[in-house]
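# Structure assessment
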Amino acid sequence: MKKKALAAFTLLLPLTVLCACGGTAAVPLASNWLKFPDTTNIEDKHERLEYKVTFEPGKRTDFSVAYEEGSYVTSYTAEQITLPDNTVETGYHLHSELSVAGRFTVKGETGERFEDTIVSDVWFRPITARLQPVRSVKQVKSHVPRANPDKLENAATAYDYVYEVNYTKNAAKAETVYTQNLPEVDESKKVTKKTVSVGESTNFFDNEQILFVLRGLNMESAVTLKTINPSAIAVQNAAITAKPKLTTVSDFAFLLNGTEQKKEMSVHTFSLTYTGASPGQPQEFTYAANTSKDKGENLYRNVLLRMSVPVIQDLGTLHYKLVSAEFSD
């Protein structure tokens, strides 16, 4: 089973203070996505973030891709979640949608326009349970660049698949199901199931919640989290290998609950990557810093402001920029 399609747009955590293996201390987490991070009652809490996605082409001349401006929208709601033992509690449902279109060019010949979409949902427990994942589903339709195509028709492989993860009690194990619609395969090979042992690691999170989890870090040191790398279907470390850099920006403009913002703000910038097999290239992130200590409330909710994601085969980089944020009180 080859899931190279995941490599093109997979949002890492996507990914590290040290992993909680062998008694290592847990990474400190706080509800920095809330107006007051110490809040424990999350009833009726919600959020919607919209990003503009632009493309910076690579320097290859024999093979290239030109992506149009795309969009990435993510939102969370607090809702009743059924846990593996059939108990119910209020947790988070995070929904994300990426949409981008483009054209491939091989040796001067440009192909037809294609569209790629990734839709993901993940359900996880509240901060009192350390955001422990319960279930995730990712639906992918993408055209993944091949290595060194000799002609236009060999530029990419079209993928259409669904990747689902269900966790057992305390996230001790992850039961994964990969259903492939494209490329077409024999019916007997269409569905692949695999159980991954997580080991109830304190610092384990589902890949689809990593961008959200990063908002809960204090950004005071290098950190290592654990997640299942979808490309390898195996638990791997996702690491911030150096302390995030704290700087001040004055020109970042976006809509906050419908009102344009262009104020001076403190931000944390860092790179993140998987370690081990199929690590992929580092991704660059910029998150708003916590303001609750100085202002009594966290004005920008540690929101992701920018993200840069390399496209495989050295074809360029996709840049995500926040354009609109809607926060609940």
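Residues numbered from 1 in each chain as written. Predicted model: local features only at pLDDT ≥ 70, side-chain atom pairs only at ≥ 80, totals over all residues. Heavy atoms only, no water.

## A closer look at the overall build of the protein
Note the following rule: Numbering of helices and strands starts at the N terminus; helices are DSSP runs of H or I of at least 4 residues and strands are runs of E of at least 2. Burial classes follow relative accessibility: with a 1.4 Å probe on protein chains only, a residue under 20% of its type's maximum area counts as buried, one over 50% as exposed, and anything between as partly exposed. What sets the accessible areas is the Shrake-Rupley method with a 1.4 Å probe; for residues, cover comes only from the shown protein chains. For the purpose of counting charges, residues Lys and Arg are taken to be positive, whereas Asp and Glu are taken to be negative. His and the chain ends are not included. By convention, the point assigned to a charge is CZ for Arg, NZ for Lys, CD for Glu and CG for Asp.
Across its full length, the protein carries three helices and 19 strands. Counting only C-alpha atoms and orienting by the principal axes, one finds that the protein spans roughly 60 × 50 × 35 Å. Relative to its 329 residues, the protein shows a buried fraction of 51%. Accessible area for the protein stands at about 15,100 Å²; split by element, carbon and sulfur atoms hold 46% of it. Here the protein contributes 36 positively and 39 negatively charged side chains, and the mean placements of these two sets differ by 4 Å.

## So, the environment of Val-106
Cut-off, in case you're wondering: The contact rule is simple, with two residues in contact once any of their heavy atoms fall within 4.5 Å.
Relative to the helices and strands, Val-106 is located in strand β4 (residues 88-106). Expressed as a C-alpha distance, the spacing of Val-106 and Thr-168, which sit 62 residues apart in the sequence, is 46 Å. The residues touching Val-106, leaving out its near neighbours within four places in the chain, are Asp-62, Phe-63, Pro-149, Asp-150, Lys-151, Leu-152 and Ala-155.

## Quick word on the pairing of strand β8 (residues 156-167)
Put simply, the rule is: Between any two strands, at least two bridges found by DSSP are needed for them to pair.
Relative to β8, strand β7 (residues 133-145) runs antiparallel, the two sharing eleven bridges. Directly across from Ser-142, in β8, lies its bridge partner Tyr-159. Here β8 folds back onto strand β9 (residues 173-182) in antiparallel fashion, the turn holding five residues, of which Asn-170 has a positive phi close to 60 degrees.

## Remarks on the pattern of salt bridges
Quick reminder of the rule: Salt bridge, as used here: a side-chain nitrogen of Lys or Arg that lies within 4 Å of a carboxyl oxygen of Asp or Glu.
Under the defined criterion, the tally for this structure stands at nine salt bridges. A salt bridge links Arg-113 to Glu-115; the nearest nitrogen and oxygen atoms lie 2.8 Å apart. For Arg-113, a relative accessible area of 40% translates into the label partly exposed. Each of the salt bridges in this network shares a partner with another, and the network as a whole consists of Glu-68, Arg-113 and Glu-115.

## Examining the pairing of β7
Across eight bridges, strand β6 (residues 114-124) lies against β7 in antiparallel orientation. Bridging from a neighbouring strand, Val-122 pairs with Ser-136 of β7.

## What to know about the packing of aromatic side chains
Cut-off, in case you're wondering: Pairing of aromatic side chains here covers Phe, Tyr and the six-membered ring of Trp, requires ring centres within 6.5 Å, and sorts the geometry by plane angle: under 30 degrees stacked, over 60 edge-to-face, intermediate tilted.
A full pass over the atoms with the stated rule returns 20 aromatic pairs. Consider the rings of Phe-270 and Tyr-287, whose centres lie 5.8 Å apart with planes at 10 degrees: the pair is stacked. Note that Phe-270 is positioned in strand β16 (residues 265-274) and Tyr-287 in strand β17 (residues 283-288), a separation of 17 residues in sequence. Taken individually, Phe-270 and Tyr-287 each receive the classification buried, so the pair is uniform in this respect. Every member of this aromatic cluster is reached through a ring pair, and the members are Trp-33, Tyr-76, Tyr-92, Phe-124 and Phe-212.

## Quick look at the confidence of the model for the protein
Where we set the bar: Each residue carries a pLDDT score, the predictor's confidence in it, ranging from 0 to 100.
Of the residues in the protein, 90% reach a pLDDT of 70 or more, and the chain-wide mean stands at 90. Overall, residues 1-24 carries pLDDT values under 50, and its contacts beyond four positions in sequence, including any with other chains, amount to 96 contacts.

## A closer look at the environment of Val-73
Checked against the element boundaries, Val-73 lands in strand β3 (residues 70-82). Looking at Val-73, the relative accessible area reads 19%, which means it is buried. Put simply, Val-73 and Glu-97 are 24 residues apart on the chain and 5.3 Å apart in space, counted from C-alpha to C-alpha. Contact partners of Val-73, with chain neighbours within four places excluded, come to Arg-48, Leu-49, Glu-50, His-95, Ser-96 and Glu-97.

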